[in-house]
Amino acid sequence: MTLLEGKNLTMIFGGLAALDSVDITIEEGEILSLIGPNGAGKTTLFNLITGVYSPTRGSICFKQKEIINMKPYDITKMGIARTFQNIRLFGEMSVLDNVIIGQHCRTRTGVVGAILRTSAVKKEEKKVHDRAMEILNFVGLDNEAAEKAKNLPYGKQRRLELARALATEPDLMLLDEPAAGMNPQETNELIELIGKLNDMGKTVLLIEHDMKLVMGISQRIMVLDYGKKIADGPPEKIRNDEKVIKAYLGDRTRKEVQAC
Amino acid sequence: MRMNYYLQVLTVLGINIILAVSLNLISGYTGQLSLGHATFMGIGAYTATLLTLKLHVPFLLSLIFGAAVAALFGFIIGVPTLRLKGDYLAIATLGFGEIMKNILLNMKITGGPMGLRGIPKVTNIYIVAVAVVIVIFSLNRIMISRVGKSFIAIREDELAAEAMGINTTNYKILAFVIGAFYAGIAGGLYAFLFRYINPNNFGFMKSIEILCMVVLGGMGNTAGAILGAALLTVLPEFLRSVSPVISQYRMVFYGLLLVIMMIVRPQGLLSGTSFYPRYPRRLSVEKSAGKGGQ
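As the structure is a prediction and not an experimental result, all values here were calculated from the model.

I tried to follow the overall build of chain A on my own but got confused; where do I start?
Each helix and strand in chain A was counted, giving ten helices and ten strands. Taken over the C-alpha trace, chain A has a radius of gyration of 19 Å; the compact-globule value for 260 residues is 18 Å, and the two agree within 12%. Every one of the 260 residues in chain A was classed for burial, and the buried ones make up 45%. Sequence-distant contacts in chain A: of pairs separated by 6 or more residues, those separated by 24 or more amount to 66%.

So, in structure tokens, the structure goes:
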């Protein structure tokens, strides 16, 4: 079943088309990767889907509902979560609080409830806390729960971003270069983690430059170049696609990719 | 006599603590720089005073009503301005303060530049102490809740906060409204303590004084705001006892103090050491970390 369908998406920034009539469909339960050279429009597409920008033209349906012009926080509530290319954690807050914040859209305590601290509020707080610990345990950060987020090493910060996104209870997760700056071992752990997320039933849309990761876990790959879609298909097809090789992979990478 | 003087200073200190912690909620925790906090105090003071003088409403009721009107103004000013960021928001709040001051200066019912006099003296150290406890207690409850965490998340990264499902505009307005409510209480207490108010009591200089307390103590730290309020209330009194000339130059001292602070300890005296336990003790991290590790 189609989870998300974007049609004819065009985003123009001051005369420059960052995205030009791009169609995207994401099937429920799949891992779809988005690749392409820098400036191809990958992050712009993320920002359209998450409501940060409204497209100049085009439409996006998520769960059969139009989400263009919806606010980012409403889109999150509908079940789309994201991570950011340059990590954007709440640095001064604890690791645990970062994940607790992720559950904001699934909870309802207001000011009066907070001041009175009724038993319903305490119950909700305990539920949120337990769920947050469960998620931290899942990504392997439970021992760092009390640390300030900004004090975590880089690889763990990336995992915390993932945990925080997971806390919003999404159906679709948008991961923007989750392996950027990771060493090979951390990347392997990440591959395993994304695989586990997928097993849990999360649909994943991934932007990534690490071809080992992309070719290894994607069921389908979509390639952007200069704001246009130049290819869309399973990994085997993409790695032999002449247009993709010319625009992005290059001859040397082709050999490497075919090796892996 | 001496005793009365000390009590008076303590009472003023209590009012300043309420002002400082409430601005700290807006600027320290939520990260929205406001240069018009005294205006909310003024709205609370004038509303409470007018209710008592003209309509003979009892003290407590007019105090709460004054705070509610201040909160309403916080909402009215918050809706258009909180779309602005950083410096622009600061300038907008500054403009709002000047507008309100001029309205108070020119309206007949507020007594114009003559202000309002003959307010009954009701505020005393006990009433202020109770108010301080209530304000800090409720603020503490808010800050450990989902609402407080959202405020801090907005300060830390607004875009990420929005991606987490936080309606950032609403929460910023909420912080403004709560902060204005508390400031309105402080204003009412002030009016019923000094028995005379005029628009200049709640002008730009007062806003800056409150901001100095927060910055001095440490932005985003309630204990810091309390310490800042204590220092900037007691210090001028102490200086006055040393030499009246020095106390006339107290604004010069504030300025100097802030310059030195920015160079030596820009995060404020107490920043970095949180006043609040991050979690209710029952739900301590260690306990559930152990549970999670099974």
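Is there a simple way to think about the pairing of strand β1 (residues 2-13) of chain A in this case?
Residues and elements named next belong to chain A. Sheet analysis places β1 next to strand β2 (residues 16-27), joined by eight bridges and oriented antiparallel. In the sheet register, leucine 4 faces β2, and the bridge partner there is isoleucine 26. Pairing of β1 with strand β4 (residues 57-62), which is carried by five bridges, proceeds in the antiparallel orientation. Paired with glutamate 5 across the two strands is cysteine 61, which belongs to β4.

How should I be thinking about the nonpolar core in this particular structure?
Looking at soluble globular proteins, one finds that nonpolar side chains tend to be buried together. Counting residues in each nonpolar core, the largest one holds 163 residues, and the members touching the most others are Leu136 and Ala163 of chain A together with Ile18, Ala20, Ala70, Ile185 and Ala186 of chain B. With 18 residues, helix α8 (residues 168-194) of chain B is the largest single contributor of residues to this core.

Teacher, can you tell me more about the sheet that holds β1 of chain A here?
Strands pair in a sheet through their backbones, by hydrogen bonds, and they do so in one of two ways: parallel or antiparallel. Residue and element names in this part refer to chain A. Spatially, β2-β1-β4-β5 is the arrangement adopted by the four strands of the open sheet, whose pairing is antiparallel. Whereas interior strands pair on both sides, the edge strands pair on one side only; in this sheet they are β2 and β5 (65-66). Across the face of the sheet, helix α1 (residues 42-49) comes into contact with β1, β2 and β4 while running at roughly 65 degrees to β2.

Help me out: how do you make sense of the environment of threonine 123 of chain B in this one?
Residue and element names in this part refer to chain B. Secondary-structure assignment places threonine 123 in the loop between β1 (116-117) and α5 (125-144). Taking the C-beta count within 10 Å as the criterion, threonine 123 has 24 such neighbours and is therefore assigned buried. For the pair formed by threonine 123 and asparagine 106, sequence separation is 17 residues and the distance between their alpha carbons is 28 Å. Look past the residues within four positions of threonine 123 in its chain and what remains in contact with it is Thr11, Val128, Leu189, Phe192 and Leu193.

What's the story with the interface of chain A and chain B in this structure? I'm lost.
The accessible area lost on association of the parts is a frequent measure of interface size. Chain A puts 40 residues into the contact, and the matching count from chain B is 29 residues. Of all elements in the fold, only α2 (72-78), α3 (95-102), α4 (111-116) and α5 (119-139) of chain A reach the threshold of two or more residues within the side of chain A that touches chain B. Among the elements that take part in the side of chain A that touches chain B, α5 of chain A stands out by supplying seven residues, more than any other. By residue class, the composition of the side of chain A that touches chain B is 16 nonpolar, 13 polar and eleven charged.

I keep staring at the confidence of the model for chain B and nothing clicks. Help me out?
Residue and element names in this part refer to chain B. Model confidence for chain B is summarised by a mean pLDDT of 88, while 91% of its residues fall at 70 or above. Contacts for the low-pLDDT stretch residues 273-294, under 50 throughout, to residues beyond four places or in other chains number 31 contacts. For this predicted complex, the interface confidence reaches an ipTM of 0.91, while the overall pTM sits at 0.90.

Would you mind going over the pairing of strand β10 (residues 228-233) of chain A with me for this structure?
For a regular strand, the rule is simple: side chains alternate between the two faces of the sheet. All names here are of chain A. In the sheet, strand β9 (residues 220-225) pairs with β10 via five bridges, with the strands oriented antiparallel. Paired with valine 223 across the bridge in β10 is alanine 231. The hairpin turn running from β9 into β10, its antiparallel successor, is two residues long, and tyrosine 226 in that turn takes a positive phi close to 45 degrees.

Teacher, can you tell me more about unusual backbone geometry here?
Negative phi is the rule for most residues except glycine; trans is the rule for most peptide bonds. Residues and elements named next belong to chain A. One non-glycine residue, asparagine 8, lies in the positive phi region at around 55 degrees. Mapped onto the elements, asparagine 8 comes out in strand β1. The residue lysine 63 is not glycine, and still its phi comes out positive at about 50 degrees. Mapped onto the elements of the fold, lysine 63 is located in the loop between β4 and β5.

Any chance you could explain the domain arrangement of chain A here in plain terms?
Residues and elements named next belong to chain A. The domain boundaries assigned to chain A delineate domain 1 (1-79 + 170-188 + 200-260) and domain 2 (89-169). Computed over C-alpha atoms only, the centres of domain 1 and domain 2 are separated by 28 Å. Considering every element that reaches the side of domain 1 that touches domain 2, the biggest residue donor is α2, with three residues.

Is there a simple way to think about helix α3 (residues 59-81) of chain B in this case?
Side chains of residues three or four places apart in an α-helix project in the same direction, reflecting 3.6 residues per turn. Residue and element names in this part refer to chain B. In this model α3 runs 33 Å from its N-terminal to its C-terminal C-alpha over 23 residues, within 8% of the 33 Å that 1.5 Å per residue would give. Within α3, the full set of buried residues consists of Ser62, Leu63, Gly66, Ala67, Val69, Ala70, Ala71, Phe73, Gly74, Ile77, Gly78 and Thr81. Packing partners of the buried residues in α3 comprise α2 (37-55), α4 (86-106) and α8.

Help me understand α1 of chain A, please; the structure alone is not making it clear to me.
All names here are of chain A. The element α1 is largely enclosed, with a buried count of seven among its eight residues. Every buried residue of α1 is listed here: Lys42, Thr44, Leu45, Phe46, Asn47, Leu48 and Ile49. Once α1 finishes, glycine 51 follows within two positions and takes phi at roughly 85 degrees, a positive value.

Reading the values: the criteria
- Residues numbered from 1 in each chain as written.
- Chains lettered and ligands numbered in written order.
- Predicted model: local features only at pLDDT ≥ 70, side-chain atom pairs only at ≥ 80, totals over all residues.
- Helix = DSSP H or I, 4+ residues; strand = E, 2+ residues; numbered from the N terminus.
- Rg over C-alpha atoms; globule rule 2.2 N^0.38 Å.
- Buried ≥ 20, exposed ≤ 12 C-beta atoms within 10 Å, placed from the backbone.
- Contact = placed C-beta atoms within 7 Å.
- Pairing = 2+ DSSP bridges.
- Core = buried A, V, L, I, M, F, W, Y, C linked by C-beta atoms within 7 Å.
- Axes fitted to C-alpha atoms, helices over the stretch in contact; angles between N-to-C directions.
- Nonpolar A, V, L, I, M, F, W, Y, C, P; charged D, E, K, R; others polar.
- pLDDT = per-residue confidence, 0-100.
- Domains from an automatic or database assignment.
- Expected span 1.5 Å × (residues − 1).

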